[in-house]
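Results of the structural survey
Here is how the chains run, residue by residue.
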Amino acid sequence: MSKLLRADFLQMRKNRVFWLGVILMGVYALSTIYIDYRNMQDGMAVSVDQIFFGHITWVGAFAIIFTTLFVGTEYSDGTIRNKLMIGHSRISIYLANLITSVTASVIMLLAHTVVSLAVGIPVLGTFRVGPSEIVQFYFLMLLMTAAFAAVAVLFSMLNQNRAAAAVICITGFFLLLFSSLYVNARLSEPKMYDSYVYEDDAGELVSVRSQRNPNYLDGTGRIIFQFLSDFLPTGQSLQIAQENMEHKSQMAVSSVGIILVVTLGGMTAFQRKDLK
């Protein structure tokens, strides 16, 4: 296992997609800091929290892209077959790829973190949330990043076609992201519309009393939508970006559950896979 990890980490350090992801996450942090600084100059209220937490969705995207291309290259170059021929077990190969993919994804996350702290705090000021909340949010971000990588490893290890695996994972990511945006929008609907007063065409003031929002979710529908928001990594990323800690335990358990289930399922399926 240690030899596999050394070999995979060496390949990771040579991987252009990995370094591109690290650089782009740093550049993304700088660009958002610059935009927020300009907004602050125009009198808008901004903080480094928006930079620090708002990017997490794109770490998941880079994790998926790196993993599918990294594992796909091992298939196309015959590296996985060679590892099996020299006596490495399929479980060891799967776990080594998982650990490497999670490590690469976390490093991309850290690239954004370092730039956000080193540049964002001097430019935009300190965090609005306290140290305890920062630690809890970052723990959720690490778990969510690992969950993205674990799912990408599952599809990549079971599909020897690198292009097909990449298309499936990236398409699936955006489908989940758009679904989570819809779920988040429904959960954010207010229960009541506030009362208001307006002037009609005749110049008379018309008062409209507060009324119930027909789009507000309650009962079983709200429970299902909240579960989806807490369970899906893309839904978690939106809650983290909004600094919503209300369901932190559910999100943490969901991420750990995803990592365990897809890893155990992936290892089982990879052991039975016919490698051509």
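Residues numbered from 1 in each chain as written. Predicted model: local features only at pLDDT ≥ 70, side-chain atom pairs only at ≥ 80, totals over all residues. Heavy atoms only, no water.

**Considering the layout of surface pockets**
What the largest pocket holds in volume is close to 270 Å³. Around the largest pocket, the lining comprises 16 residues; the ones closest to its centre are F148, V151, F155, L176 and P233. Those elements giving two or more residues to the lining of the largest pocket turn out to be α7 (131-158), α8 (162-187) and α11 (248-272). At five residues, α8 tops the list of elements feeding residues into the lining of the largest pocket. A per-class count over the lining of the largest pocket returns 14 nonpolar, two polar and no charged. Counted as a void, the second largest pocket has a volume near 160 Å³. As for the second largest pocket, its lining consists of N184, L187, S188, R222, Q226, S229, Q239, Q242, N244, E246 and H247. Within the residue set of the lining of the second largest pocket, elements represented by two or more residues are α8 and α9 (219-231). Looking at the lining of the second largest pocket element by element, the count peaks at three residues for α9. (1 Å grid on protein atoms, 1.4 Å probe; cavity = no way out; pocket = protein on both sides within 12 Å on 5 of 7 lines; lining within 4 Å. Points joined across faces, edges and corners; volume = space filled by probe spheres on them. Helix = DSSP H or I, 4+ residues; strand = E, 2+ residues; numbered from the N terminus. Nonpolar A, V, L, I, M, F, W, Y, C, P; charged D, E, K, R; others polar.)

**Here we look at the packing of aromatic side chains**
Here the structure, examined in full by the defined rule, presents 14 aromatic pairs. These aromatic residues form a ring-pair network of at least three members: F52, F53, F127, F137 and Y138. Over the face of the ring belonging to F270 we find R90, whose NZ or CZ atom lies 5.6 Å from the ring centre. (Phe/Tyr/Trp six-rings, centres within 6.5 Å; stacked < 30°, edge-to-face > 60°. Lys NZ or Arg CZ within 6 Å of the ring centre and 35° of its normal.)

**Observations concerning the side chain of S229**
Looking at the element boundaries, S229 is found in helix α9. Dropping the residues within four chain positions of it, S229 is found in contact with V183, L187, G235, Q236 and Q239. (Contact = heavy atoms within 4.5 Å.)

**Description of the packing of α7 against α11**
Following both chains from N to C, one finds α7 and α11 inclined at 20°, their axes separated by 9 Å at the closest point. In terms of orientation, α7 and α11 fall into the roughly parallel class. Both α7 and α11 take part in a crossing whose hand is left-handed. The residue makeup of the contact of α7 with α11, split by class, is 18 nonpolar, five polar and one charged. (Axes fitted to C-alpha atoms, helices over the stretch in contact; angles between N-to-C directions. Parallel < 35°, antiparallel > 145°, perpendicular 65-115°, else oblique. Left-handed = near helix turned anticlockwise from the far one by under 90°.)

**Brief notes about the environment of V167**
In this structure, V167 sits in helix α8. Along the primary structure V167 and S101 are separated by 66 residues, whereas in three dimensions their C-alpha atoms are 18 Å apart.

**Re the confidence of the model for the chain**
On average, residues of the chain score 86 in pLDDT, and 95% of them reach the 70 mark or higher. Of all helices and strands in the chain, the one with the weakest mean pLDDT is strand β2 (residues 196-199) (67), whereas α11 scores best (92). (pLDDT = per-residue confidence, 0-100.)

**Quick word on helix α1 (residues 2-14)**
For α1, built from 13 residues, the straight-helix expectation of 18 Å at 1.5 Å per residue is met to within 8% by its first-to-last C-alpha distance of 19 Å. All buried positions along α1 are accounted for by L4, L5, D8 and M12. The buried residues of α1 occupy one face: seen down the axis, they fall within an arc of 95°. In α1, those exposed residues whose orientation departs by more than 90 degrees from the buried face are K3, R6 and K14. Structurally, α1 contributes buried residues whose contacts are with α2 (16-41), α4 (56-76), α5 (79-85) and α6 (90-124). (Expected span 1.5 Å × (residues − 1). Buried < 20%, exposed > 50% of the residue type's maximum accessible area, 1.4 Å probe, protein only. Arc of directions from axis to C-beta.)

**Here we look at the packing of α4 against α8**
Between α4 and α8, the least distance of the axes is 8 Å, while the angle of their chain directions is 165°. The angle between the axes of α4 and α8 places the two elements in the roughly antiparallel class. Judged by the sense of rotation from one axis to the other, the crossing of α4 with α8 is right-handed. Counting all contacts with α4, which are made through T57, W58, G60, A61, I64, I65, T68, L69, G72, T73 and S76, the residues of α8 involved are R162, A165, A166, C169, I170, F173, F174 and L177. When its residues are assigned to classes, the contact of α4 with α8 shows twelve nonpolar, six polar and one charged.

**Examining the environment of M12**
Within the secondary structure, M12 sits in helix α1. With 63 residues separating them along the chain, M12 and Y75 place their C-alpha atoms 15 Å apart. Filtering out sequence-adjacent residues up to four positions away, M12 remains in contact with F18, W19, F66, F70, T100, A104 and I107.

**A look at the pattern of salt bridges**
Under the defined criterion, the tally for this structure stands at three salt bridges. Linking E243 and R128 is a salt bridge whose minimum nitrogen-to-oxygen distance equals 3.0 Å. Here R128 lies in the loop between α6 and α7 and E243 lies in the loop between α10 (233-241) and α11, a separation of 115 residues in the sequence. Accessibility expressed as a relative area gives 21% for E243, which makes it partly exposed. The partner of D218 in a salt bridge is R212, with the nearest N and O atoms 2.7 Å apart. Residue D218 is classed as partly exposed on the basis of its relative accessible area of 43%. (Salt bridge = Lys/Arg side-chain N within 4 Å of Asp/Glu carboxyl O.)

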